[in-house]
Amino acid sequence: MTETTPERVNGHAAPKVSILKLAPEQPPTPAPTDAPTTTPTSTDTSAKRRRVRIDALRRILVEIRTNDGYRALVRHGAYTWGGARILARRAWDSRTTARHERMMRAAEAAGNEELVRHWEERAHAYRLARHKRRVELLQMAINAPKAVFTATAAGTGLLLIVGLMLAWANHDVRDVLTPLNATIELVGWVAFLVSVIWGPVMYSLPVLAIAAAWAVGRHRQAAPAWALPADAEDRDVVPDEGAILRALGNLGIGPLNKAIKDGWQPRWVQPTTRSGNGWHTQLQLPMGVTVEMVNGKKNVLAHNLLRKPVEVWPTEPPKLPGVLDLWVADQGSLSGKVPPWPLLTEGTTDYFKGVPVALSQRGEPIIGQLMAANWIVGGIMGSGKTSIVVALLLGAILDPLVDAEVYVMATNVDYDPLKPRLRALVKGDDPEQLQAALDRLRTLTSEVTERGKLLEELGGESPKLTRELALKDPRMRPRVVVFDECHELFMHKEYGKEAGELAIRVMKKARKVGITLVWVTVSPTADSIPRDVTRNTSHRVAFAVGDQVANDGLLGSGKYKAGIRATELVPGQDVGTAVTYGFTSKPFEVIRSYYVARDPEKGIDQVTPVVERSLGMYEGTGPVDVPAFEVADPLADILAVLGERSRMRTQDVIRGLADRNPGEYGGWSFRDLKRVLDECGHGEYKTGGVMHVSRQRIVDAIADRDEDTGDETDDAF
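Being a predicted model, the structure only gives us computed values, none of them experimental.

Visitor: Describe the overall build of the protein chain, naming the residues involved and giving the relevant values.
Guide: A tally of helices and strands in the protein chain yields 24 helices and 21 strands. A total of 717 residues make up the protein chain; the buried ones form 39% of that total. Excluding contacts between residues fewer than 6 apart, the proportion of contacts in the protein chain whose partners are at least 24 apart in sequence is 66%.

Visitor: Tell me about the pattern of salt bridges, and name the residues and values.
Guide: Considering all chains together, one arrives at 22 salt bridges under this definition. Where Arg-467 meets Asp-350, a salt bridge forms, and the shortest distance between an N and an O atom there is 3.0 Å. A residue pair is termed long-range when its members are at least 10 positions apart, and Arg-467 in helix α14 (residues 467–472) and Asp-350 in the loop between β6 (323–329) and β7 (355–360) qualify at 117 residues. Taking the shortest distance from any N to any O, the salt bridge between Arg-467 and Asp-399 comes out at 2.8 Å. Here the residue Arg-467 occupies a position in helix α14, and Asp-399 occupies one in the loop between α12 (385–397) and β10 (403–408), the gap between them amounting to 68 residues. Among the residues examined, Arg-467 registers a relative accessible area of 23% and is labelled partly exposed. On the accessibility criterion, Asp-399 (0% relative accessible area) is buried. Here the residues in one salt-bridge network are Asp-403, Glu-405, Arg-423, Arg-440, Glu-447, Arg-451, Arg-477 and Arg-479, joined through shared partners.

Visitor: Kindly report on the nonpolar core, identifying the contributing residues and their values.
Guide: Most often, soluble globular proteins have nonpolar side chains that are buried together. Grouped together as the largest cluster of nonpolar side chains are 57 residues, with contacts concentrated most on Trp-341, Val-357, Trp-375, Ile-388, Leu-393, Leu-394 and Tyr-415. The element contributing the most residues to this core is α12, with nine residues. Judged by nonpolar contacts, the second largest core, of 47 residues, contains Leu-334, Val-545, Ala-566 and Val-579.

Visitor: Explain the packing of helix α13 (residues 431–457) against helix α16 (residues 496–510) to me, and be specific about the residues and the numbers.
Guide: At a closest axis distance of 9 Å, the pairing of α13 and α16 adopts a crossing angle of 30°. Considering their axes alone, α13 and α16 lie roughly parallel with respect to each other. The interaxial crossing formed by α13 with α16 has left-handed handedness. Listed contacts from α16 to Leu-438, Leu-441, Arg-442, Leu-444, Thr-445, Val-448 and Thr-449 of α13 are Glu-498, Ala-499, Leu-502, Ala-503, Arg-505, Val-506, Lys-509 and Ala-510. Taken together, the residues of the contact of α13 with α16 break down into nine nonpolar, two polar and four charged.

Visitor: How would you explain the sheet that holds strand β21 (residues 690–694) if you had to name every residue and give the values?
Guide: Taken in spatial order, the three strands make up an open sheet running β19-β21-β20, and their pairing is antiparallel. In this open sheet, the two edge strands, each paired with only one partner strand, are β19 (647–649) and β20 (686–687). Where β20 and β21 come together, two bridges link them in antiparallel fashion. In the sheet register, Lys-686 faces β21, and the bridge partner there is Met-691. Helix α21 (residues 650–660) rests against β19 and β21 of the sheet, and its axis sits at about 90° to β19.

Visitor: I'd like to hear about the side chain of Thr-580, residue by residue, with values.
Guide: Tracing the backbone shows Thr-580 in strand β15 (residues 577–581). Since its relative accessible area comes to 1%, Thr-580 is described here as buried. Ignoring sequence-local partners within four residues, the contact set of Thr-580 consists of Arg-540, Val-541, Leu-555, Phe-588, Glu-589 and Ile-591.

Visitor: Describe the environment of Pro-271, with residues and values.
Guide: Note on placement: Pro-271 falls in strand β3 (residues 267–275). For the pair Pro-271 and Glu-241, spaced 30 residues apart in sequence, the C-alpha to C-alpha distance is 7.2 Å. In this view, Pro-271 contacts Glu-241, His-280 and Thr-281; residues no more than four positions away in its chain are not counted.

Visitor: Before we move on, could you go through the UniProt feature "transmembrane region" (unreviewed entry) in the protein chain and cite the residues and values that matter?
Guide: On the UniProt side, "transmembrane region" (unreviewed entry) is annotated at positions that read residues 147–169 and 189–216 here. Between the end C-alpha atoms of residues 147–169 there is a gap of 33 Å, over a span that is 100% helix and 0% strand. When the span residues 189–216 is considered, its composition is 100% helix and 0% strand, and the gap between its end C-alpha atoms is 38 Å.

Visitor: Can you lay out a positive patch on the surface for me, pointing to particular residues and giving the numbers?
Guide: On the surface, Lys-48, Arg-49, Arg-50, Arg-51 and Arg-53 cluster together into a patch of positive charge. Position of Arg-50 relative to the elements: it lies in helix α2 (residues 40–66).

Visitor: Requested: an account of the environment of Pro-571, with residues and values cited.
Guide: Tracing the chain through its elements places Pro-571 in the loop between α18 (548–555) and β15. Through-space distance from the C-alpha of Pro-571 to that of Phe-543 is 8.8 Å; in sequence the pair is 28 residues apart. Excluding its chain neighbours within four sequence positions, the residues that come into contact with Pro-571 are Ile-380 and Ala-544.

Visitor: Residues and numbers for the packing of aromatic side chains, please.
Guide: How two aromatic rings sit relative to each other is given by the distance of their centres and the angle of their planes. This structure, assessed with the given rule, holds eight aromatic pairs. Between Tyr-79 and Trp-214, the aromatic rings sit 6.3 Å apart at their centres with planes inclined by 70°, giving edge-to-face as the arrangement. Residue Tyr-79 is found in helix α3 (residues 68–95), and its partner Trp-214 is found in helix α6 (residues 178–219); the two are separated by 135 residues along the sequence. On the basis of relative accessible area, Trp-214 is assigned to the partly exposed category, the value being 30%. Ring pairs connect the aromatic residues Tyr-407, Phe-483, Phe-490 and Trp-519, which therefore count as one cluster.

Visitor: Can you explain the confidence of the model for the protein chain? Please cite residues and give values.
Guide: Mean pLDDT over the protein chain works out to 81, with 86% of the residues at or above the 70 mark. When the elements of the protein chain are averaged for pLDDT, helix α1 (residues 16–21) gives the smallest value, 38, and strand β12 (residues 479–484) the largest, 95. In the predicted structure, residues 1–38 sits below a pLDDT of 50 and forms eight contacts with residues beyond four places in sequence or in another chain. Taken as a whole, residues 712–717 scores under 50 in pLDDT and shows 16 contacts with residues more than four places along the chain or in a different chain.

Visitor: Tell me about helix α4 (residues 98–109), residues and numbers included.
Guide: In this model, α4 (12 residues) spans 17 Å end to end at C-alpha, consistent with the 16 Å of a helix rising 1.5 Å per residue. Turning to α4, its buried residues are Ala-98, His-100, Met-104, Ala-106 and Ala-107. Where α4 is buried, its residues contact α3 and α5 (113–170).

Visitor: Talk me through the pairing of β15; I want residue IDs and the actual numbers.
Guide: Counting buried residues along β15, four of its five residues qualify, which places the element largely inside the surrounding structure. Where strand β14 (residues 539–542) meets β15, three bridges bridge the pair, whose relative direction is antiparallel. From the neighbouring strand, Ala-542 faces β15, where its bridge partner is Val-579. Sheet analysis places β15 next to strand β16 (residues 589–593), joined by four bridges and oriented antiparallel. Its bridge partner lying in β16, Ala-578 is registered against Ile-591.

Visitor: Go over the sheet that holds β6 with me, naming the residues and quoting the values.
Guide: On the basis of which strands lie adjacent, the open sheet formed by four strands has the order β3-β4-β6-β5 and antiparallel pairing. Every other strand in the sheet has two partners, leaving β3 and β5 (312–315) as the edge strands with one partner each. The average undirected angle you get between the axes of adjacent strands in this sheet is 10°. Pairing geometry for strand β4 (residues 278–284) and β6, over seven bridges, is antiparallel. By the bridge assignment for β6, Gly-278 is matched with Ala-329. Against the sheet, helix α8 (residues 241–249) touches β3, β4 and β6, its axis set at about 115° to β3.

Reading the values: rules and limits
Residues numbered from 1 in each chain as written. Predicted model: local features only at pLDDT ≥ 70, side-chain atom pairs only at ≥ 80, totals over all residues. Heavy atoms only, no water. Helix = DSSP H or I, 4+ residues; strand = E, 2+ residues; numbered from the N terminus. Buried < 20%, exposed > 50% of the residue type's maximum accessible area, 1.4 Å probe, protein only. Contact = heavy atoms within 4.5 Å. Salt bridge = Lys/Arg side-chain N within 4 Å of Asp/Glu carboxyl O. Core = buried A, V, L, I, M, F, W, Y, C linked by side-chain atoms within 4.5 Å. Axes fitted to C-alpha atoms, helices over the stretch in contact; angles between N-to-C directions. Parallel < 35°, antiparallel > 145°, perpendicular 65-115°, else oblique. Left-handed = near helix turned anticlockwise from the far one by under 90°. Nonpolar A, V, L, I, M, F, W, Y, C, P; charged D, E, K, R; others polar. Pairing = 2+ DSSP bridges. UniProt positions renumbered as here; feature names shortened; annotations may be inferred. Patch = residues over 30% accessible without salt bridge, like charges linked within 9 Å, V, L, I, M, F, W, Y side chains within 5 Å. Areas by Shrake-Rupley, 256 points an atom, 1.4 Å probe, with all protein chains shown as cover. Lys, Arg positive; Asp, Glu negative; His and termini not counted. Charge placed at Lys NZ, Arg CZ, Asp CG, Glu CD. Phe/Tyr/Trp six-rings, centres within 6.5 Å; stacked < 30°, edge-to-face > 60°. pLDDT = per-residue confidence, 0-100. Expected span 1.5 Å × (residues − 1).

Printed below as a string of structure tokens:
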């Protein structure tokens, strides 16, 4: 039993705590004998229990928040509350000058004193009108008893007169009170019906008010993002105003989200309208939100609109700052098959009018200008650069007056089929070929000077070359010179500096004397192409590029930030699709170049027949009386239909266009005509409630277009 007897200390049993200290699971911890014994186990256990409770509570909250029923409850509750706030704010704005004050503060912050004065005048006019209404209401309340008494007396007198007439007709004096009794019974029935309906109506009013608030909140998506339903449930293929607002509201842009939450009322500069193969919209963004912010979320915007990034183009119009100009293509419209080149089997061209090279994003033909134009075409390998250059060259040589030359600083066979019609074809990146390209730039420098002198001698009324002057003197024949892989020349250690200086000198003088230079490169950077070369280029074509530097090197500085981005094009997928500048009056165009196929392995050769046809016309053995390729000019055709009439109904204009050119306008509707009128700034013009087209507005639009085109061409050089 000794092993079970506790040890003795000074004749007393040892405390049990000494046995606990010797337990293997508890480390020896010295503690003063005069202090209470506290074990760390109790503290750790309580902290662990708190963490467990917090984690459990967090899991419960997450489960509640992700529960469909809870999300639906929060969503619809937020719809109702948010809709009530929006309706209350609308009511407050309609009854006070709160809206005017907001506009004045915004205009004052923007430093627009004229707009501040405008809103002050509108606020003052609103206060005067409100005061006038209140005075009229007070006057009406004062006059109400007299008016009620007069109306009652007049009504009673009228009923008695009718009763007298009935009594006279029926020879019964009791009929005198018949109309009055009938009126009293009618009032009694109306009072009875009101007493029956009044209760349900009063009980239903709160329900109707809540339903109205819920509808407004749902339309404005006034609920937390995590409580909203899946995007697929609300998204639509057609990017109407509602779809666009929902897409913008889910971009994650803080100032935009705040504006929407505060009840921002969007102002549609141009509602969503059909535009070719897509939809066009202009929306004024709220304060604190820029188009650049939207561009930073372009991929998300495209996703929200069920589109690829290349099918969505948010930009800012040059003359409408603060406005989001959004063009959304139809799904897959930029990836389908491009129609055949219009000049594939017949037709001629005119160097001075341009040649067809592509289709726009709206499906309209794009005409590449040659006279008074220079080109730069860039993109990574396999993006489709050669397709548009070949189409441009083929169109150029279908004018018998044109001489064409190609200098390729690489070894390829892309231009070999055109050799019979080319004045020169040089291929290769050896010093000999680079020297030949440099020599040609030297001769072009002297040639532009000689042509300028000849232009003065020929006595042309115009300061630039015309077709008539080119026909007078063979030395003034138009010339198209292509420098492919030009970065090899500009980056050459020996020839590069001189080549850049010569190129700039030629480009500044060539536009008036009928010489067109075309630069093609896969490396559009400041090191590979002199900046002044790109700055003095009127037509810029950017196929798929790798980064922002290449994008702005082709399209111009700041284009990437403005949302004009060829970086959105996918190599190998968007072959032949390019972002362009300078082809139209628009800030940019997304084009799909025509492809004139040539594949010897498959036995396809569409290039050679065109070259042979052009060679026959050039040598005088082929038909030259084939109608030249003409591009429809809707404004000019509308003016021709109007004739000398000052205005014409839109239906008559559409009918006249169809009679004038059935192939082009046979399928036109009012929407097509309205699109052309809106783009030219014609605007709505009604007479007697009927839409008309004004001749003077069309004349002004054509004059403005010609002036803008001339200014842009001059600026490019």
